[in-house]
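For reference, the chains in residue letters:
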Amino acid sequence: MRWKILPSLYLRIALSASCMLLLASQTTYGDAIIEGERMHPKQGRNGMVVTSHFLATQSALDVLKNGGNAIDAAVTAAFSLAVTQPRSGNIGGGGFMLISSEQANQVLAIDYREKAPSQATEEMFLNKDGSVNSDISRFSHRAVGVPGTVAGLALALKEFGTISLQQALAPAIKLAHDGFVVTPRFSSGLKTVEKRLRTWKATEEIFYKPGGTYYEPGDLFVQKDLAATLQRISDNGAKEFYQGKTAQLLVEEMSKHGGLITLDDLKNYAPVIREPVHGNYRGYDIYSMSPPSSGGAHVIQILNILEGYPISDLGHNSATTIHLMAEAMKRAFADRSRYLGDEDFIKVPMAGLISKAYGESLRGTIDSSAANPSKTIAPGKPMEFESSETTHFSIVDNYGNAVSNTYTINFSYGAGIIVQGAGFLLNNEMDDFSSKPGVANAYGLIGGKANRIEPNKRMLSSMSPTIVKDHGRNFLVTGSPGGSRIITTTLQVIMNVIDHGLNIQSAVSAPRIHHQWLPDELRVEEGLSPDTIKLLYGMGHEIKRKSSMGAIQSIMIDDQVMYGAADPRRSTSLAAGM
Ligand code: DON
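As a starting point, this report considers the structure included with it. (Residues numbered from 1 in each chain as written. Predicted model: local features only at pLDDT ≥ 70, side-chain atom pairs only at ≥ 80, totals over all residues. Heavy atoms only, no water.)

1. What about the packing of helix α15 (residues 295–306) against helix α19 (residues 356–363)?
Here's step 1: Contact geometry of α15 with α19 gives a least axis separation of 8 Å together with a crossing angle of 60°. Regarding the angle of α15 to α19, the classification is oblique. Note on packing geometry: the crossing formed by α15 with α19 is right-handed. Where α15 abuts α19, its residues Q301, N304 and I305 lie against K356, Y358, G359, L362 and R363.
Here's step 2: Class assignment of the residues belonging to the contact of α15 with α19 gives a composition of three nonpolar, three polar and two charged. (Axes fitted to C-alpha atoms, helices over the stretch in contact; angles between N-to-C directions. Helix = DSSP H or I, 4+ residues; strand = E, 2+ residues; numbered from the N terminus. Parallel < 35°, antiparallel > 145°, perpendicular 65-115°, else oblique. Left-handed = near helix turned anticlockwise from the far one by under 90°. Contact = heavy atoms within 4.5 Å. Nonpolar A, V, L, I, M, F, W, Y, C, P; charged D, E, K, R; others polar.)

Set out below in structure tokens:
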């Protein structure tokens, strides 16, 4: 029932946007939506889009300019990214979308994560000797989970949008059909993963020129098969992907190469509207993704642990702050390995994990001046802190929607497999399951029973689309790619804003750190001072300087003004408002 409230509100928002000038003089429209617009007519509260590709930002911004709402713009951006950024934008993968409506005072989540095919088995990635065959779990047709993106985006639009699927798909179809100009990032990405992409003829034909040469910056990149697939979805709706010609092409691709996805798997796929996890940090409400993602649980758990320290006084990226963050991260990732999985299959002790009391008890195990080696840390006992307290929603009279969406095909270019004739890449999300207890996946994450492979189960994710609210108003909309680093990247942007008072661009750009319990290493980006690193060594941390982490495209709304911050770690990112 709860979810039924929103569509009508969104409809009213859409109406209010397009009829604003007309209605402004009518005192009978004294409701929240119109009042909100009247109160802030010129303060830039009209729209802001931040994505990792400027063409997707532009498509979505056009939707807002034409009176569409944030959900319309999000779906349009997602389809445009599927064309302009095939390394991660997709229709062959899955993800999560958080939607916040200030009017309804609700934040909800659309779970369109991929599922294991019905023929998947717990041992499907094991060699005869019991070892894990990660080539199969990452780079074969068996690596592919049943895609959720098209169904998830269509659901978002149907329930909460105001434009049609055809309208949301139109810019993507044009970009695929007419082509777009290759950027340096696009060109270098295809060179980096050349070996994987050339493994499959259908993939090679899409991403390399006839004769096998590279697309270089400045070239036009056209995707006729993808354009035709998107056009069929536009003509026939999401069921085209799950029951139409696209489904047939996908299943043919599977059966030619030993993949498991069947027509029934596609037909039976359904996205789910879920309640996000909800916590509180220094007076701000934090909403983030619930299982089958671990992201929200651990962002909130780590914040709960850190809330007991005067982080602001300890300073941004000081050795002590980083030490405390790393210790909190280790404990959270240890819990992840044991307790997190698809809640449709297992019971996650969520109330305990995100309780303040459990955070406090974990804080009690941290030495504030010396690292605890990861081998001395084991998953805790969150269930002892379970309570029956219900998540609290406050009602406020205000205006504004926010969407935070993260979707993926797992690796850059997923499994590297294009569905022949359909022009889109397939995910390799099956590797996010725990193929064997204690054996790490591609992100070094280990798991056990909770995340073992089972038919039709969703594999555990770290994706953490997050919306922070301040006294009922949308305040921070954020999220990132980066595998296991998603959780800690999201955490740091929240802390950079709330604890350290950084403006959103500084919060996004600042050097980041990461610890995930195992391996026992504190990973740092370029830019931390050598003095800080020395101090951390002195506390017993094993420091590893590796490549940059995440790409956290964020918006902050402060005093009614929207600030968009694109992550400079991705050269094609763009924040644009109106
Ligand atoms: O769901 C997850 O946690 C991973 N499949 C996300 C992969 C990812 O972020 C890759 N990006 N760098």
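Still to come is the rest of the account.
2. Structural notes on the sheet that holds strand β6 (residues 272–274)
Here's step 1: A sheet is described by the order of its strands in space; here four strands give the open sequence β6-β3-β2-β9, paired in antiparallel fashion. At either margin of the open sheet sits one strand with a lone partner, and together these are β6 and β9 (401–408). Averaged over all neighbouring strand pairs, the angle between strand axes comes to 20°, with direction disregarded.
Here's step 2: With three bridges joining them, strand β3 (residues 106–112) and β6 adopt antiparallel strand pairing. What sits directly across from I110, in β6, is I273.
Here's step 3: Of the strands in this sheet, β2 (94–101) and β9 are in contact with helix α4 (residues 70–84), which crosses β9 at around 20°.
Here's step 4: Lying over the sheet, helix α6 (residues 149–160) contacts β2, β3, β6 and β9, oriented at roughly 150° with respect to β3. (Pairing = 2+ DSSP bridges.)

3. A look at empty space enclosed by the protein
Here's step 1: Throughout the structure, instances matching the rule amount to seven cavities of 30 Å³ or more.
Here's step 2: A volume near 90 Å³ is recorded for the largest cavity.
Here's step 3: Lining the largest cavity we find 16 residues, and of these R336, I446, G447, N451 and L460 sit closest to its centre.
Here's step 4: Residues of the lining of the largest cavity, tallied by class, amount to seven nonpolar, six polar and three charged.
Here's step 5: Two domains each put at least three residues into the lining of the largest cavity: domain 1 (31–273 + 391–434) and domain 2 (276–388 + 462–577). (1 Å grid on protein atoms, 1.4 Å probe; cavity = no way out; pocket = protein on both sides within 12 Å on 5 of 7 lines; lining within 4 Å. Points joined across faces, edges and corners; volume = space filled by probe spheres on them. Domains from an automatic or database assignment.)

4. Considering the packing of aromatic side chains
Here's step 1: A complete count under the given rule lists 13 aromatic pairs for this structure.
Here's step 2: With a centroid separation of 4.9 Å and an interplanar angle of 90°, the aromatic rings of Y215 and F221 are classed as edge-to-face.
Here's step 3: Residue class for Y215 comes out buried when judged on its relative accessible area of 13%.
Here's step 4: Classification of F221 as buried rests on a relative accessible area of 0%.
Here's step 5: Between F241 and F424, the ring centres sit 5.4 Å apart and the planes meet at 40°, which makes this aromatic pair tilted. Highlighted residues: F241 in helix α12 (residues 239–243) and F424 in the loop between β10 (417–418) and β11 (425–426), separated in sequence by 183 residues.
Here's step 6: Among the residues examined, F241 registers a relative accessible area of 0% and is labelled buried.
Here's step 7: Taken together, the ring pairs connect F180, F186, F207, Y215, F221 and Y413 into an aromatic cluster.
Here's step 8: Cation over ring: R198 sits above Y208, and NZ or CZ is 4.0 Å from the ring centre. (Phe/Tyr/Trp six-rings, centres within 6.5 Å; stacked < 30°, edge-to-face > 60°. Buried < 20%, exposed > 50% of the residue type's maximum accessible area, 1.4 Å probe, protein only. Lys NZ or Arg CZ within 6 Å of the ring centre and 35° of its normal.)

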